[in-house]
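Summary of structural features
The chain contents come next:
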Amino acid sequence: MKDYIDLPPIIIERGEGAFLYGADGKRYIDIIGSWWCNLLGHCNPIISNAIKQQLDKLEHIIFANFSHMPAIELAEKLVTILPKGLTKFHFNDCGSASVEVALKMAFQYQGQSGRGYKNRFMCLNGGYHGETIGALSVGSMDKYSACFKPMLFEPIRLEAGDFDATEKIFQKYGKQTAALIIEPILQGASGMKIYSADYLKHLKKLCDKYNVILIADEIATGFGRTGKMFACDHANITPDIMCLSKGLTGGYLPFAITVTTDKIYDAFYADFKDGKAFLHSHTYSGNPLGCVASIAVIDILTKTTVIDTATKNAVWLKKTFEDTFKNHKNVSDIRSIGLINAIELVEDKASGKSFDKSKRIPYNLYKKALEKGLLLRPMGDVLYFNPPLNIEREVLAESVDIVSQILDGK
Ligand code: PMP
């Protein structure tokens, strides 16, 4: 809050494509896609129109014993693009809620599937799944969780990419573990860290072997962000549960879905007297406006060339990042997947020495970028791009140029 004295919140009046316009008329390039949720540009006419049309028909309805055509149509469309076998949908209202639902669903499933409850969870070091209590428990970022430790449950942590250690942990704890939750391929909040599709396949095999539910949190990676429709597609796997939000509505509305398989659904399907139903009810579950926005997103992704164009721009951007930053004295690593490109900053490349945290170098770079009309939001010492998929190449080039300037103190 004290930072706001020096840098008061910027009032944004309107958005168009990759641009935001302040109340003072200043233009900003939204290179982080409004916290990674803006998928197809601000005020995308197709998504906006879909919401406007729906708004005059039905804004919301209790989603228990009632449904509506947008929810049905959305579920039907999702089945056609999701990894094969993901066919059942639980509607929620934000990413963290969809993670809570996934954890509870996995836990209850294990208890109801005839083998008894399993009460541990596994997660990956460096993972992030939101900031409600369950989601924080399976996250690994002290910054968000340290002071809440007494409120959290303790998961078993795996090191992404360490095949042998992972296998040993499954041997030791697999029997008591209900589920493993991961961000597939890309760990966003820990600095756009990428692990191999082979490691993801390895996790899937171990989960199957030890009857551990695999929860893929695709909240940040879904809908073309990593160059495939879903990050799980890089490994050709179907998780048991998948969490979707952010890009699902193009970043328009608080809306999320926890998706699962017939096998899991069937463990909850029973007579009323058996009390096996999955009870997790949010007021805004299945909101019709969120559904129509999501349908519009899927139509754009499947019926236009947006993903092809993004793929071509991603190849260009990766090369441009390498050409521009590889030899920079403050850049220790460059990571790319899809249109997501990140650079890790250090004070000294040769020794790998980090910046003195008290100097807040990344925050100062953020302020400098804003002055130059670029909305860049460092995570720790990592600067990254995660723009809308339909951003134009010239705008990417302008953004790279601004980052280059600020790194050189201009
Ligand atoms: N999981 C992942 C991988 C995320 O990146 C985020 C948000 N950054 C969340 C969960 C939480 O989503 P929300 O902020 O909508 O609760």
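The shown structure was predicted, so the numbers you read here are calculated from the model rather than taken from an experiment.

Criteria and thresholds
- Residues numbered from 1 in each chain as written.
- Predicted model: local features only at pLDDT ≥ 70, side-chain atom pairs only at ≥ 80, totals over all residues.
- Heavy atoms only, no water.
- Helix = DSSP H or I, 4+ residues; strand = E, 2+ residues; numbered from the N terminus.
- Rg over C-alpha atoms; globule rule 2.2 N^0.38 Å.
- Buried < 20%, exposed > 50% of the residue type's maximum accessible area, 1.4 Å probe, protein only.
- Areas by Shrake-Rupley, 256 points an atom, 1.4 Å probe, with all protein chains shown as cover.
- Lys, Arg positive; Asp, Glu negative; His and termini not counted.
- Charge placed at Lys NZ, Arg CZ, Asp CG, Glu CD.
- Axes fitted to C-alpha atoms, helices over the stretch in contact; angles between N-to-C directions.
- Left-handed = near helix turned anticlockwise from the far one by under 90°.
- Contact = heavy atoms within 4.5 Å.
- Nonpolar A, V, L, I, M, F, W, Y, C, P; charged D, E, K, R; others polar.
- Pairing = 2+ DSSP bridges.
- Core = buried A, V, L, I, M, F, W, Y, C linked by side-chain atoms within 4.5 Å.
- Phe/Tyr/Trp six-rings, centres within 6.5 Å; stacked < 30°, edge-to-face > 60°.

Broken down by element type, the protein chain carries 14 helices and 16 strands. Here the C-alpha atoms of the protein chain give a radius of gyration of 22 Å, agreeing with the 22 Å that 2.2 N^0.38 yields for 410 residues. C-alpha atoms of the protein chain, sized along the principal axes, occupy 70 × 55 × 40 Å. Buried residues in the protein chain amount to 54% of all 410 residues. Surface exposure of the protein chain reaches about 19,100 Å², of which carbon and sulfur atoms provide 55%. Charge centroids of the protein chain, computed over 48 positive and 46 negative side chains, lie 3 Å from each other.

Now for the packing of helix α4 (residues 69-81) against helix α11 (residues 288-303). At their nearest, the axes of α4 and α11 sit 9 Å apart, and the two run at 35° to each other. In this structure, α4 crosses over α11, and the sense of that crossing is left-handed. Between α4 and α11, the contacting residues are Pro 70, Ala 71, Glu 73, Leu 74, Lys 77, Leu 78 and Ile 81 on the first element and Pro 288, Cys 291, Val 292, Ser 294, Ile 295, Ile 298, Asp 299, Thr 302 and Lys 303 on the second. Here the contact of α4 with α11 is composed, by residue class, of 10 nonpolar, two polar and four charged.

Side-chain direction in a regular strand flips from residue to residue, so the side chains alternate between the two faces of the sheet. Bridging between strand β13 (residues 331-337) and strand β14 (residues 340-345) involves six bridges; their strand directions are antiparallel. Paired with Ser 336 across the bridge in β14 is Asn 341. Joining the antiparallel neighbours β13 and β14 is a turn of two residues, in which Gly 338 adopts a positive phi near 55°.

Moving on to the sheet that holds strand β7 (residues 177-182). Overall, mixed pairing links the seven strands, which are arranged β4-β12-β11-β10-β7-β5-β6 in an open sheet. Two strands bound the open sheet, and with one partner strand each, they are β4 (86-92) and β6 (156-158). Between one strand axis and the next, the sheet turns by 20° as a mean value, whatever way the strands run. Where strand β5 (residues 120-124) lies against β6, three bridges are found, and the strand directions are parallel. Note that in β6 the partner of Cys 123 across the bridge is Arg 157. α4 rests against β4, β11 (241-244) and β12 (256-261) of the sheet, and its axis sits at about 135° to β4.

Among the nonpolar cores identified, the biggest contains 106 residues, and Leu 78, Phe 170, Leu 180 and Leu 301 are the most heavily contacted of them. It is α11 that provides the largest number of residues to this core, a total of 10 residues. Once residues lying within four places of it in the same chain are set aside, the contact partners of Leu 301 are Leu 39, Leu 40, Phe 223, Met 229, Val 306, Ile 307 and Leu 389. Counting residues in each nonpolar core, the second largest holds 23 residues, with Leu 103, Ala 106, Val 138 and Cys 243 among its members.

The next point concerns the packing of aromatic side chains. As enumerated under the stated definition, the model contains 16 aromatic pairs in all. A centroid spacing of 6.1 Å and a plane angle of 90° characterise the contact between Trp 36 and Tyr 384, whose relative ring orientation is edge-to-face. Of this pair, Trp 36 sits in helix α2 (residues 33-36) while Tyr 384 sits in strand β16 (residues 382-385); the two residues are 348 residues apart in sequence, bridging distant segments of the chain. Like Trp 36, the residue Tyr 384 is buried in the burial classification. Consider the rings of Phe 321 and Phe 385, whose centres lie 5.0 Å apart with planes at 85°: the pair is edge-to-face.

This next bit is on the side chain of Asn 313. By the secondary structure assignment, Asn 313 is in helix α12 (residues 306-325). In this structure Asn 313 comes out as buried when scored by relative accessible area, which is 6%. Filtering out sequence-adjacent residues up to four positions away, Asn 313 remains in contact with Leu 339, Ile 391, Arg 393 and Leu 396.

Pairing is mixed across the open sheet formed by four strands, whose spatial order is β1-β2-β3-β15. Edge positions in the open sheet fall to β1 (12-16) and β15 (374-375), since each of these has one partner strand only. Here strand β2 (residues 19-22) pairs with strand β3 (residues 27-30) via three bridges, running antiparallel. Counted as the bridge partner of Phe 19 is Ile 29 from β3. Docked against the sheet, helix α14 (residues 393-407) engages β2, β3 and β15, running at close to 100° with respect to β3.

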